[in-house]
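Chain by chain, the residues:
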Amino acid sequence: MKSRIRLSLHRLAAFVACLGLCPMLGACDDSPDKKGPGCENAHGDWKRVGSATPARRDLDVLFVMDTSLGMAEINDLVRGGVPSLVQVLSSLPGGAPNLHFGVTTGDLGTGPYELPGCHLESISGGRLLKGASNACASPVNQTYAIDVEPHGCSVVKSATPGSPTTCTSHDCTQANCEPAPADFAAFPEPAGLTLAVDEQGCPRCRNLGSATMASTLQCMVDQGTSGCGFEQPLEALNLALTDTSGANEGFLRPDSDLAVLIISDEDDCSASDTELFNPDGAVDSELGSLSAFRCTEFGVVCDEPWVRPMTEDRMTYHNCRPREAGDPDSLLHPMDRYTEALNRLRPHGNLIVTALASPTDGTLEVVEESGEPGAPDLLPVCFAAECGDPAVRLQAFVQRFHALPVSGAWPFQSTNNFDYGKLLFALAYGFIARFANSMPQQTCVGQAIFGCPDPSFAAGGERTTQLPDDLARICAPECEVVQTDESSAIGESTMALPLCDPTYAAGHPPLIDPQLPVPACWHVVHDDFCRGSMENLRLEADDAPLSGARIVISLRAPAADGTAWDFRCRRLPAHEATCDDGVDNDQDGATDGDDADCG
């Protein structure tokens, strides 16, 4: 049952930039309780740079697609954004993650009732699908795409901070793409993968045949629009991740990060009782006439009781929320069924849960359905000419995995927001931002640093701020960096490292430099990836300055396994903090009364 929805192509230009679980987002203020990209380390808290031991970076990505009639334009946009998504994944610092990519649909049918559009042949049952009717030629041998690093061979990577990782040489052969029965944890992949070399010159093991990753994923997400209008994405998600047999075998790896994206222009209707779909019933019967409003009435509760038949042309309901377990009027599964299932599969830090649907503030407007007096119809949420049904259940589901409100923030973006492209960029960066924060010897700072407001311009690169040249050229970052080990608590070490000598290698030596004058030092570089993560993940209300700063640890010799580093930096304020202290607090070239902030 579809709402009216129209989308324009420019809104998906942004899906490109991201698909791990990301730090919680929040606006920055003076409260030490509010932390997140844009305010991390704002109050002197310590953060770990990363260890000297590279970890295997496995990312299993699952899309749950809405295949009902009104999704044609959204699905076209998703398909069009796939090549950019692939490009962003491949440009991840350290190289692309070990990726599994699967797609299922929210079409689970309607039980014993065969309704228009709800046919047995279209039911996914939570199975992973290679496009509509499994028609895609790629991937080969599996219904999910695989793109991983080989095992048991040597790869020489050029990991220049701030630039995409490239591979200069390797000794990998086809044998290094075969399973490792003696050590499954080291290479938890099926047989039959083929050795390939990606655009960065890095060896990869894939199941794509002669197709590219981009064309494979484009075909996979094209699930058509002939599916059932009673969408059940949460139950489909549950089935896809808990049934590991058949088409889903091997998709979910033992120690992977799991990233989920649900795409729908209506709310979830995961039925616990298929009588919900009984086509019989008048507006004043127990279930009411058959329509999508049944999913709302028997899956959502508000402060006011539902009125059916309607007594007014338009009625408003407040504080609407999913019905809980034990609610005698519920015919849908409770949220706990799905949140508990995911929490059993993965720790919180290894889950990325997001959705593209219509956000809601908990207020629902109901109007009389056209052609059926007294029958309620949920009023869609519209932006300009583009509409979608308020997704109360989907938003509540995503909210359970995030500490701060998600409505309008990156984990829960709107399918009918005019700035669709930027929103999808945020989802992409959210999925991979944690990898950028766990690179050996380096990490994104996530804030502009006091004393080094524009590290790009200071190093002779492009300007990233509006500061005067004499200020933008300065890079004397006010940070503390200490060496520690992985088992120690963050910030407890007292082994301080010096800032790298600006007269040696222009202050930016490579990660390993046998000629380094000291055993170890640190420096700050600009990284477009760090800036993109910050820009797309922060809340709109957060106007903290951005710089794309990355902390880098340079060593004279490789560190022992288990070595780690912690840092904390003084944050560059967004505004002039005080207007009478004679200090340019925000380093914008204007002090006290001369600063527009003090006007």
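Definitions and limits used
Residue indices begin from 1 for each chain and proceed along its sequence in written order. It should be noted that, the model being predicted, local features are given only for residues of pLDDT at least 70 and side-chain atom pairs only at 80 or more, the latter also being counted only at that level, while totals for whole chains, interfaces and linings use all residues. Only heavy atoms go into the side-chain values, all of them from the structure, while hydrogens and water stay out. Strand pairing requires that DSSP identify at least two bridges connecting the strands. Counting from the N terminus, the helices are the DSSP runs of H or I reaching at least four residues and the strands are the DSSP runs of E reaching at least two. We call two residues in contact when some of their heavy atoms are within 4.5 Å. What counts as an axis is a line fitted to C-alpha atoms, over the stretch in contact for a helix, and the angles between N-to-C directions run from 0 to 180 degrees. Each residue's exposure class comes from its accessible area (1.4 Å probe, protein chains only) as a fraction of the maximum for that residue type: buried when under 20%, exposed when over 50%, partly exposed otherwise. By convention in this document, the label disulfide applies to cysteine sulfur atom pairs within 2.5 Å. Here the aromatic set is Phe, Tyr and Trp, taking the six-membered ring for Trp, and pairing holds for ring centres within 6.5 Å; pairs whose planes are under 30 degrees apart are stacked, those over 60 apart are edge-to-face, and all others are tilted. The quantity known as pLDDT measures the predictor's confidence residue by residue, on a range of 0 to 100.

Q: Now, about the sheet that holds strand β13 (residues 351-356): what can you tell me, with residues and values included?
A: Read from one edge of the open sheet, 8 strands run β7-β8-β4-β3-β2-β9-β13-β18, paired in mixed fashion. Each edge of the open sheet carries a strand with a single partner, namely β7 (194-197) and β18 (412-413). The pairing of β7 with strand β8 (residues 203-206) spans 4 bridges and is classified as antiparallel. Residue Thr-194 lies in a different strand from β8, and its bridge partner there is Arg-206. Along the sheet, helix α1 (residues 72-90) contacts β2 (58-65), β3 (98-105) and β9 (257-263); its crossing angle with β2, the most-contacted strand, is approximately 170 degrees. In the packing of helix α3 (residues 233-242) onto the sheet, the strands contacted are β2, β3 and β9, and the crossing angle to β2 comes to about 145 degrees.

Q: Describe in detail the environment of Leu-379, supporting the description with residues and values.
A: In this fold, Leu-379 is placed in the loop between β15 (376-378) and β16 (381-383). Residue Leu-379 is classed as partly exposed on the basis of its relative accessible area of 25%. Taking the C-alpha atoms as reference points, Leu-379 and Thr-316, separated by 63 residues in sequence, lie 10.0 Å from one another. Among residues more than four places away in sequence, those in contact with Leu-379 are Arg-314, Glu-365, Val-366, Val-367 and Pro-390.

Q: Describe the state of the cysteines, with residues and values.
A: Applying the stated criterion to the full structure yields 11 disulfides. Sulfur-sulfur distance for the disulfide between Cys-302 and Cys-320 comes to 2.1 Å. As the torsion about the S-S bond is roughly 110 degrees, the Cys-302-Cys-320 disulfide counts as right-handed. Of this pair, Cys-302 sits in the loop between β10 (300-301) and β11 (314-317) while Cys-320 sits in the loop between β11 and β12 (321-322), and the two are 18 residues apart along the sequence. The exposure classification of Cys-302 matches that of Cys-320, with both residues buried. Paired through a disulfide, Cys-479 and Cys-569 show a sulfur-sulfur distance of 2.1 Å. As the torsion about the S-S bond is roughly 105 degrees, the Cys-479-Cys-569 disulfide counts as right-handed. Of this pair, Cys-479 sits in strand β20 (residues 479-485) while Cys-569 sits in strand β24 (residues 563-569), and the two are 90 residues apart along the sequence. Each member of the pair, Cys-479 as well as Cys-569, is classed as buried.

Q: How would you explain the packing of aromatic side chains if you had to name every residue and give the values?
A: Per the stated rule, a full pass over the model turns up 6 aromatic pairs. Ring plane angle 70 degrees and centroid distance 5.5 Å describe the contact between Tyr-144 and Phe-251, whose orientation is recorded as edge-to-face. In this pair, Tyr-144 is assigned in the loop between β3 and β4 (145-148) and Phe-251 in the loop between α3 and β9, connecting sequence segments 107 residues apart. Considered together, Tyr-144 and Phe-251 belong to a single accessibility category, that of buried residues. Among the aromatic side chains, those forming a connected cluster through ring pairs are Phe-293, Trp-306 and Tyr-317.

Q: Tell me about the confidence of the model for the protein, and please be specific about residues and values.
A: Low pLDDT marks stretches whose predicted atomic positions should not be read closely. Summary statistics for the protein give a mean pLDDT of 83 and a share of 82% for residues scoring 70 or more. Of the regions scoring below 50 in pLDDT, residues 1-43 engages in 187 contacts with residues more than four places distant in sequence or in other chains.

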